[in-house]
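# Examining the three-dimensional arrangement
The primary structure of each chain is shown beneath.
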Amino acid sequence: MTSSSDALPAAAGQPAAAAPRDPRRLIAVVGLALTLGYAVLIAGAVLAGDWLLDRDGAPIVNDFAATWAAGRLALAGTPALAWDAEAAKQVVVTAIGRDFPDHYPLFYPPPLLLVAAPFALLPLVPAMLAWLAVTAPLYVLTIRGILGGAAGVLVACAVPAALWNLTATQNGFLTTALFGGALLALPRRPLLAGCLFGLLTYKPQFGLLIPLALVAGGHWRTIAAAAATAAALAAVSWLAFGTAPWLAFLHGLPVARETFLTLGLGNWWKLQSVFGLVRALGGSETLAFVLHGAVAMAAAAGVVVLWRSRASYGLRAAALVTASLLATPYVYIYDLVLLAVPVAFLLRLGLDEGVLPDEPAALLTAGAFLLAYPFCPVQFGLAATLAVALVIARRALVGADMGADAAQPRRGTAASARASARGLTGFWR
């Protein structure tokens, strides 16, 4: 593996002291600056009564309320009510002793109850902190596993979507740990990768393109493990909570579609997808689906082509995650913590193979889009995803993917994935 200090060699004739600084150090400095800035923002929000507790010391209700209420209802023996927005809200109102505006409906499948129930044993705010204490380290370890060292940790903390996921106490950290962890494991631990992909079915909209990639790459053991894990997860949830939650979940799917994709009651500008953009600009639902479908099909085609090619594993992994974000119409800003995975793979490729012109600027622009979202809630998240997609496409098209092994079979079997991943760090290095 090429060391980071060799990735950008000194120009001929220059003394060693004049060589460019270690790019890993630059990545760490930028990451540290952003991380410290986020820490100040979070501390200010807590002191101002804008996060966790208000000025009167009462719990502030956020997106985590849906997961927590679902767990409480499951523990109370009425798990099907988790998909009843009014019943779930009443659980939270009773617990905190006051009403709050809006609802936080649950639209995830019943296996989520297995995760929600343990956290529901705690009061709301301690449960929120426990959720973050469990999911955030898994996320950070995953990004560190891709990029390595302190730079990986700081990049994970510096991704702006991580801040927005933290303040909403959403599940972006868990989703990223499962998706990114599966891609880290795939070259050398195909069964573990399949298990993590199977667990990702708790959020099925991000798994639309995973089967295409695995079939194109010939990862049959991973496919089998993913299917078995998903089936086992569904079976355990059925044994634990019965049939009623599944019926409630299926009944709620049309409601979710009407609420968020037809009526736009969740605010069109919050949907960070082509569908959301078209609807926010006044386009019809039909036009939005047509344009979004075209982008999703292009993303799917790109994934198949790359996963059948001799492109390096890092580029293929980055493409799959980015394309998955483009393929679903239902994606919010906290979901874009997932962009940390392709960014980390691209930075790893840059360290090992050299950075393309304007590549750092494009990635920094993507970060700036994510950072700007709360101040101007438009489809900045979609813009960030497209910026990362362009970086991936450029690397693929100009042939700058120097890590590919010419001796690999064209269809990219699991063995070839292991060979092309030799430049990556260990799974939990």
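Because the structure is predicted, anything quoted here is derived from the model rather than measured. Per-chain numbering applies: the sequence of each chain, read as written, is numbered from 1 onward. Two thresholds apply to this predicted model, a pLDDT of at least 70 for residue-level local features and 80 or more for giving and counting side-chain atom pairs, whereas whole-chain, interface and lining totals are computed over all residues. The side-chain figures draw on all heavy atoms in the structure; neither hydrogens nor water molecules are used.

## Here's the deal with the overall build of the protein chain
Each helix corresponds to a stretch of at least 4 residues labelled H or I by DSSP, and each strand to a stretch of at least 2 residues labelled E; elements are numbered beginning at the N terminus. The secondary structure content of the protein chain amounts to 20 helices and zero strands. For the protein chain, with 429 residues in total, the buried portion stands at 53%. Contacts are residue-level and defined by heavy atoms, with any inter-residue pair within 4.5 Å sufficient. Nonlocal contacts in the protein chain, meaning residues at least 24 apart in sequence, comprise 74% of its contacts between residues at least 6 apart. Note on classification: 1.4 Å probe, protein chains only; a residue is buried when its accessible area is under 20% of the maximum for its type, exposed when over 50%, partly exposed between these limits.

## Brief notes about the packing of aromatic side chains
Two rings from Phe, Tyr or Trp (for Trp, the six-membered ring) form a pair when their centres are within 6.5 Å of each other. A pair whose planes differ by under 30 degrees is stacked, one over 60 is edge-to-face, and the rest are tilted. Across all of its chains, the model carries 14 aromatic pairs by this definition. Summarising the aromatic geometry, the rings of Phe-100 and Tyr-104 are spaced 6.2 Å apart at their centres and angled 40° between planes, so their arrangement reads as tilted. In this structure Phe-100 comes out as buried when scored by relative accessible area, which is 7%. Note on Tyr-104: relative accessible area 24%, which makes it partly exposed. Aromatic pair Tyr-332 and Tyr-334: ring centres 5.9 Å apart, planes at 5°, arrangement stacked.

## Some words on the nonpolar core
If you look at the biggest cluster of nonpolar residues, it comprises 128 residues, and the most contacted ones within it are Tyr-139, Leu-183 and Trp-307. Sort the elements by how many residues they give to this core and helix 6 (residues 124–147) lands first, with 12 residues. Sequence-distant contacts of Tyr-139, defined by excluding residues within four places in its chain, comprise Ala-156, Val-159, Ala-162, Phe-173, Thr-176, Ala-177, Val-337 and Ala-340. Think of a nonpolar core as a cluster: buried Ala, Val, Leu, Ile, Met, Phe, Trp, Tyr and Cys residues, connected wherever their side-chain atoms sit within 4.5 Å.

## Structural notes on the UniProt feature "transmembrane region" (unreviewed entry) in the protein chain
UniProt positions are given in the numbering used here, feature names are shortened, and annotations may be inferred rather than shown by experiment. Look at the UniProt record and you will see "transmembrane region" (unreviewed entry) annotated at residues 26–48, 112–134, 146–164, 193–217, 223–248, 287–307, 319–347 and 367–392. In residues 367–392, helix accounts for 73% and strand for 0%; the two terminal C-alpha atoms are 16 Å from one another.

## Some words on the environment of Leu-315
Within the secondary structure layout, Leu-315 lies in helix 16 (residues 313–327). Judged by its relative accessible area of 1%, Leu-315 is buried. Between the C-alpha atoms of Leu-315 and Ala-396, which are 81 residues apart in sequence, the distance is 7.8 Å.

## Side note on the environment of Ala-156
Within the element layout of this structure, Ala-156 appears in helix 7 (residues 149–158). With relative accessibility at 0%, the residue Ala-156 sits in the buried group. Excluding residues that lie within four positions of it along the chain, Ala-156 makes contacts with Tyr-139, Val-140, Ile-143 and Ala-162.

## With respect to helix 3 (residues 64–75)
Given a helix with a known number of residues, its expected span is that number minus one, times 1.5 Å. The terminal C-alpha atoms of helix 3 lie 17 Å apart, and with 12 residues this matches the ideal 16 Å at 1.5 Å per residue to within 8%. Taken across its 12 residues, helix 3 has 10 buried, putting it largely inside the fold. The inward-facing, buried residues of helix 3 abut helix 4 (85–96), helix 5 (112–119), helix 6, helix 8 (160–168) and helix 12 (220–241). Of the residues flanking the end of helix 3, it is Gly-77, one or two places downstream, whose phi is positive at about 85°.

## Re helix 15 (residues 285–308)
Over its 24 residues, helix 15 runs 34 Å from end to end, which matches the ideal 34 Å to within 8%, given 1.5 Å per residue. Each element contacted by the buried residues of helix 15 is listed here: helix 9 (172–185), helix 11 (210–217), helix 13 (244–262), helix 14 (274–280), helix 16 and helix 19 (380–398).

## Considering the pattern of salt bridges
Only one rule defines a salt bridge in this text: a Lys or Arg side-chain nitrogen within 4 Å of an Asp or Glu carboxyl oxygen. Summed over all chains, the structure comprises seven salt bridges. A salt bridge links Glu-285 to Arg-257, with the nearest nitrogen and oxygen atoms 3.1 Å apart. One end of the pair, Glu-285, is in helix 15; the other, Arg-257, is in helix 13, and 28 residues separate them in sequence. Judged by relative accessible area, which is 40%, Arg-257 ranks as partly exposed. One salt bridge in this structure joins Asp-352 and Arg-348, with 2.7 Å as the shortest N-O distance. Here Asp-352 and its partner Arg-348 are both found in helix 17 (residues 340–353), four residues apart, which amounts to about one turn of the helix. Residue Asp-352 is classed as buried on the basis of its relative accessible area of 15%. Given a relative accessible area of 2%, Arg-348 falls into the buried group. Among the charged side chains, a salt-bridge network with shared partners connects Glu-353, Glu-359 and Arg-395.

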